[in-house]
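Residue-level structural notes
Below are the chains, spelled out letter by letter.
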Amino acid sequence: MASKEGFLTNEQRETLKIASQNVEILSSSPKSPTSFLSEHHVKAPAGGKAPTAGIAVRHVRRSHSGKFVRVKKEGGGGKGTWGKLLDADSESPIDRNDPNYDSGEVKYQLVGSTITDPLDEYKKAVVSIIEEYFSTGDVALAASDLKELGSSEYHSYFIKRLVSIALDRHDKEKEMASVLLSSLYADVISPIQIRDGFFILLESADDLAVDILDAVDILALFLARAVVDDILPPAFLTRAKKALPESSKGVQVIQTAEKSYLSAPHHAELVERRWGGSTHITVEEMKKKIAGLLREYVENGDTFEACRCIRELGVSFFHHEVVKRALILAMDIRTSEPLIMKLLKEAAEEGLISSSQMVKGFSRLAETLDDLALDIPSANTLFESLVPKAISEGWLDASFLKSSGEDGGVRAEDEKVKQYKKEIVAIIHEYFLSDDIPELIRSLEDLGVPEYNPLFLKKLITLAMDRKNREKEMASVLLSALHIEIFSTEDIVNGFVLLLESAEDTELDILDASNELALFLARAVIDDVLAPLNLEEIGSKLPPDCSGSETVRMAQSLISARHAGERILRCWGGGTGWAVEDAKDKIAKLLEEYESGGVVSEACQCIRDLGMPFFNHEVVKKALVMAMEKKNDRMLHLLQECFNEGLITINQMTKGFTRIKDGLDDLALDIPNAREKFSFYVEHAQEKGWLLPSFGSSAADGSH
């Protein structure tokens, strides 16, 4: 029977078939799926039962003798086999002495190594710093340890860890945490890192609230305390609220801080004392301590003890105040100069007072020499003699000369400007004592240098910031009066620009200067001295990332808050800071009473009782409008009497008439003959000498 295999017997055909299957299996990958291999079973040859029936092919091989044998799994040896494929010499060890030794054949074992995250290492390190601080209360040591740790880019996480740990501690530790943050501000941790740290805290408020039930309230208090301590601007709250999900605990924290703490009367004092305040010391208290230890040093001459006292203050970031007050004492008590110079030299050599703090102290004094000269006439000369001594002895860096001017003196200034500054300081001090605005305006007019008006504004607010709320209120009231009488809006804008350009220096002497400057700006807008757009103009004249720009943004945030007008008017007690609407109502009522049969002298007394001479242009404006409406000229008699008494000045008269002129188009809608009547009033006023000659010119029209 023919077949395509040729003349093979059935047994030979079966043997050939098994051999070909074995070759196919052996040539396949050892990693081939077993499901695929298990499909090939050996079939029994025809005419008899195969001896290997039911055995998987890959486990069956034919020996050299032609017998079928079971082989090891994976093709390993067995009697009469060659072992596993590619298995030659696999078991023999590599001999380094073998002439054919190749180091590339050595099997290397990879050793696992833990990869460390710098942030994780930083977080672990700061925990020990925080724990030690809570044990010792040593602010200076904590600051030093944090500096030595480096990794300043992670300082925002230090804030989160510090507050997180304090959350679960007693009030003492919470107070200590707030004090430490205030101490590290700017000197160790930058303002941006402070903001980032608090934002990270707000983001994690949901997690913190799981473990600490009152976490929201405590975090709100930390947030409020940071605002009160001037390490966070109020504007931060608004920006953070926008950046967080509305339903998050972080938003609840901000809302609690705003409603429960920052909007309450006397909130600053309440927030500072909430945790006992036992470790908190105000700037004024610190200045008193510094002055006390310096006086004691001058009396006993113990330099070692004085250095110990300075060190115990624990305010390395405020040592410039020690330098400044020590130098003033040396000028005031001439016999104390050798001792003072010895103390400062010793403190510098010990590293107790850093080089930067020393330079700052000298710079602060250089900037206030004009004021100091009122009490110590030879202050400029004495200061110029102290600087070369300090530099020659090596404890004042020579770079001070570059920042302060040649020959160690203050910056070269025009003598006229220096003289002007001396005179306006005396004028401002006199105003704070007398509260006499007309007298101050006359004094400024007598000086006859209106181009220096911005300098006056800067000096006025700078002096007010270093005094009580009464003087701050008086400064704001004076600004309103000056704006009406002799200052243009441009003068006000340029004055605030000068102030904000030196804001960072001012903060060295007045730690809450940024907050107070923001209030002065906001108050100027509420009092109609500045328009909101003027704040943008001021901001555009400052570097975008400077402290002054942040102050402008803070002022804009204050103005945009609900009920901002009333709150800002009362920010310093509001003795004379009435709301504009209240003043307008009072003026309208007294004019109506006079028109209905009142006495001129009584009306004049009511105007005087308002106590707002800078707002008398409103009296003029309302009186003229009422005269037009009532179609009688009785109001002109009142204005004449006020002018004769000096109650309403020619500037206020002119301003009132200008206001009417600017609004004639609107007024004519209600009073058809408004233009004819106004022309008559202008002629009458010019005849009586009420108006400035410039009335009607472009200068008068654009004066506001």
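Quantities reported herein were computed from a predicted structural model and do not represent experimental measurements.

**What to know about the overall build of the chain**
Counting its secondary structure elements, the chain contains 38 helices and two strands. Sorting the 704 residues of the chain into buried and exposed places 45% on the buried side. Long-range contacts, defined as pairs at least 24 residues apart, comprise 71% of the intrachain contacts of the chain with a sequence gap of at least 6.

**Some points on the side chain of Asn 616**
Along the chain, Asn 616 turns up in the loop between α32 (600–610) and α33 (617–630). With near-sequence residues (within four places) excluded, Asn 616 lies in contact with Ile 607, Leu 647, Ile 648 and Gln 652.

**Observations concerning a negative patch on the surface**
A surface patch of like charges, here negative, comprises Asp 168, Asp 206, Asp 207 and Asp 211. Mapped onto the fold, Asp 168 is located in the loop between α5 (155–167) and α6 (171–184).

**Digging into unusual backbone geometry**
Phi angles above zero are rare outside glycine, and Asp 528 is one such case at about 65°. Summarising the element assignment, Asp 528 is placed in the loop between α27 (513–526) and α28 (532–540).

**A few points about the packing of α5 against helix α9 (residues 215–228)**
Between α5 and α9, the shortest axis-to-axis distance is 11 Å and the interhelical angle comes to 130°. The angle between the axes of α5 and α9 places the two elements in the oblique class. Helix-helix and strand crossings are classified by hand; for α5 and α9 the assignment is right-handed. Packed against α5, whose contacting residues are Val 163, Ala 166 and Leu 167, the element α9 presents Ile 218, Leu 219 and Phe 222 at the interface. Partitioned by chemical class, the residues of the contact of α5 with α9 number six nonpolar, no polar and no charged.

**As for the side chain of Ser 476**
Its place among the elements puts Ser 476 in helix α24 (residues 469–485). Those residues in contact with Ser 476 that sit more than four places away from it in its chain are Phe 520, Arg 523, Asp 527 and Trp 572.

**Details of the packing of aromatic side chains**
All told, the structure shown has nine aromatic pairs when counted by the stated rule. Through a chain of ring-to-ring contacts, three or more aromatic side chains come together here, namely Phe 362, Phe 383 and Trp 395.

**Topic: the nonpolar core**
Ranked by size, the top nonpolar core spans 61 residues in total, and within it Leu 146, Phe 158, Phe 198, Phe 222 and Leu 223 carry the most contacts. Considering each element in turn, this core owes the most residues, 12 residues, to α9. Those residues in contact with Phe 158 that lie beyond four places of it in its chain are Tyr 122, Val 126, Ile 130, Leu 146, Leu 180, Leu 184 and Ile 189. Counting residues in each nonpolar core, the second largest holds 52 residues, with Ile 424, Ile 428, Leu 460 and Leu 535 among its members.

**Focus on the pattern of salt bridges**
In this structure the tally under the stated criterion is 21 salt bridges. Among the ionic pairs, Glu 473 bridges to Arg 523, the shortest N-O distance being 2.9 Å. With Glu 473 in helix α24 and Arg 523 in helix α27, this residue pair connects regions lying 50 residues apart in the sequence. When sorted by exposure, Glu 473 lands in the same class as Arg 523, which is buried. One network of salt bridges, in which partners are shared, links Glu 175, Arg 225 and Asp 229.

**Re empty space enclosed by the protein**
The tally for this structure, following the rule as stated, stands at six cavities of 30 Å³ or more. Its boundaries defined by the atoms lining it, the largest cavity holds a volume of some 60 Å³. Considering the residues around the largest cavity, the lining is formed by Leu 590, Glu 593, Tyr 594, Gly 598, Val 599, Glu 602, Ala 603 and Cys 606. For the lining of the largest cavity, the elements supplying multiple residues, two or more each, are α31 (580–595) and α32. Looking at side-chain class alone, the lining of the largest cavity contains five nonpolar, one polar and two charged residues.

**Concerning helix α23 (residues 453–465)**
Note: α-helices contain 3.6 residues per turn, so residues at a spacing of three or four share the same orientation. Taking 1.5 Å of rise per residue, the 13 residues of α23 would be expected to cover 18 Å, and the 19 Å separating its terminal C-alpha atoms lies within 8% of that figure. In terms of burial, α23 is largely enclosed, as 10 of its 13 residues are buried. Turning to α23, its buried residues are Asn 453, Pro 454, Phe 456, Leu 457, Lys 459, Leu 460, Ile 461, Leu 463, Ala 464 and Met 465.

**A look at α32**
Where α32 is concerned, the buried positions are Ala 603, Cys 604, Ile 607 and Leu 610. Burial along α32 is one-sided: seen end-on, the buried residues are contained in an arc of 110°. After α32 finishes, the residue Gly 611 shows a positive phi value of roughly 65°.

**Points about the packing of helix α14 (residues 303–313) against helix α16 (residues 337–349)**
Any two packed helices are characterised by the angle at which their axes cross and by the distance between the axes. Two elements in contact, α14 and α16, have axes separated by 10 Å at closest approach and are oriented at 60°. Of the possible angle classes, the one that applies to α14 and α16 is oblique. The two elements α14 and α16 meet at a crossing, and its hand is right-handed. Here Thr 303, Ala 306, Cys 307 and Ile 310 of α14 come into contact with α16, specifically with Lys 342, Leu 343, Glu 346 and Ala 347.

**Brief notes about the confidence of the model for the chain**
Detailed reading of predicted coordinates is not advised where the pLDDT is low. With 76% of its residues at a pLDDT of at least 70, the chain reaches an overall mean of 77. This stretch, residues 26–69, has a pLDDT under 50; its non-local contacts, to residues over four places away or in other chains, come to 58 contacts. Note that pLDDT drops below 50 for residues 575–579; the model gives that stretch 12 contacts with residues more than four away or on any other chain.

**Considerations on the state of the cysteines**
With the rule as written, the count across this model stands at zero disulfides. Here Cys 604 is not cross-linked by a disulfide; its sulfur's nearest cysteine counterpart is in Cys 642, at 3.8 Å. Overall, the relative accessible area of 0% leaves Cys 642 in the buried class.

Parameters and conventions
- Residues numbered from 1 in each chain as written.
- Predicted model: local features only at pLDDT ≥ 70, side-chain atom pairs only at ≥ 80, totals over all residues.
- Heavy atoms only, no water.
- Helix = DSSP H or I, 4+ residues; strand = E, 2+ residues; numbered from the N terminus.
- Buried < 20%, exposed > 50% of the residue type's maximum accessible area, 1.4 Å probe, protein only.
- Contact = heavy atoms within 4.5 Å.
- Patch = residues over 30% accessible without salt bridge, like charges linked within 9 Å, V, L, I, M, F, W, Y side chains within 5 Å.
- Areas by Shrake-Rupley, 256 points an atom, 1.4 Å probe, with all protein chains shown as cover.
- Salt bridge = Lys/Arg side-chain N within 4 Å of Asp/Glu carboxyl O.
- Lys, Arg positive; Asp, Glu negative; His and termini not counted.
- Charge placed at Lys NZ, Arg CZ, Asp CG, Glu CD.
- Axes fitted to C-alpha atoms, helices over the stretch in contact; angles between N-to-C directions.
- Parallel < 35°, antiparallel > 145°, perpendicular 65-115°, else oblique.
- Left-handed = near helix turned anticlockwise from the far one by under 90°.
- Nonpolar A, V, L, I, M, F, W, Y, C, P; charged D, E, K, R; others polar.
- Phe/Tyr/Trp six-rings, centres within 6.5 Å; stacked < 30°, edge-to-face > 60°.
- Core = buried A, V, L, I, M, F, W, Y, C linked by side-chain atoms within 4.5 Å.
- 1 Å grid on protein atoms, 1.4 Å probe; cavity = no way out; pocket = protein on both sides within 12 Å on 5 of 7 lines; lining within 4 Å.
- Points joined across faces, edges and corners; volume = space filled by probe spheres on them.
- Expected span 1.5 Å × (residues − 1).
- Arc of directions from axis to C-beta.
- pLDDT = per-residue confidence, 0-100.
- Disulfide = S-S within 2.5 Å.

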